[in-house]
Amino acid sequence: QVQVAEFGGGLVQPGGSLRLSCVASGLPFSFSLYGVSWYRQAPGKERELVATITSAGSTTNYADSAKGRFTISRDNAKNTVYLQMNSLKPEDTAVYYCFVVRWSRGTWGQGTQVTVSS
């Protein structure tokens, strides 16, 4: 059974940084064959895509709100994808979810809370 877990959320002051980790286990295929995305959902808002990295890691895409501040990367040897978040703003406050997908089959993690506040 595929399981996805996120780590690294917390409380940070505006302008600060956090690094989120997404770890996948129980995969039927090599982790390197999976695309991975980070989403977030703020209270009262719809879940939105933040960043995506392809299975080969050669292509990354970001929401406009994340460009220039967030970096998505992966370590296939550790079955892990990271989201480095810098220059955090109060509007980045949300639950951040990881989505691991191959072909049309994907698995969500349980989410990790990120709160940006002074």
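Please read all numbers here as calculations on a predicted model, not as lab measurements.

**Let's talk about the pairing of strand β8 (residues 80-85)**
Now for step 1: Burial within β8 is extensive, with five of its six residues counted as buried.
Now for step 2: In this sheet, β8 lies alongside strand β3 (residues 18-25) in antiparallel orientation, the contact comprising six bridges. Counted as the bridge partner of Val23 is Thr80 from β8.
Now for step 3: Looking at chain direction, strand β7 (residues 70-75) and β8 are connected through six bridges and run antiparallel. Considered in β8, the bridge of Thr71 is made with Gln84.
Now for step 4: Hairpin remark: β7 followed by β8, antiparallel, with four residues in the connecting loop; positive phi at Asn79, about 50°.

**Remarks on the sheet that holds β8**
Now for step 1: As summarised here, the arrangement of the four strands in space is β1-β3-β8-β7, forming an open sheet in which the pairing is antiparallel. Sheet topology places β1 (3-7) and β7 at the edges, where each strand pairs with a single neighbour. Adjacent strand axes in the sheet meet at a mean angle of 15°, parallel and antiparallel pairs treated alike.

**Comments concerning the nonpolar core**
Now for step 1: One finds Trp38, Leu83, Met85 and Tyr96 to be the most contacted residues of the largest nonpolar core, which totals 28 residues.
Now for step 2: Residue assignment for this core shows that the elements contributing at least two residues are β3, β4 (35-41), β5 (48-53), β7, β8, β9 (94-102) and β11 (112-116).

**A short note on the state of the cysteines**
Now for step 1: Taken as a whole, this structure holds one disulfide when the rule is applied.
Now for step 2: In this model Cys22 forms its disulfide with Cys98; the gap between the sulfur atoms is 1.9 Å. Between Cys22 and Cys98, the S-S dihedral sits near -75°, and the bridge is therefore left-handed. Taken together, the residues span a long stretch of sequence, with Cys22 in strand β3 and Cys98 in strand β9 at a distance of 76 residues.
Now for step 3: Note on Cys22: relative accessible area 0%, which makes it buried.

Parameters at a glance
Residues numbered from 1 in each chain as written. Predicted model: local features only at pLDDT ≥ 70, side-chain atom pairs only at ≥ 80, totals over all residues. Heavy atoms only, no water. Buried < 20%, exposed > 50% of the residue type's maximum accessible area, 1.4 Å probe, protein only. Helix = DSSP H or I, 4+ residues; strand = E, 2+ residues; numbered from the N terminus. Pairing = 2+ DSSP bridges. Axes fitted to C-alpha atoms, helices over the stretch in contact; angles between N-to-C directions. Core = buried A, V, L, I, M, F, W, Y, C linked by side-chain atoms within 4.5 Å. Disulfide = S-S within 2.5 Å.

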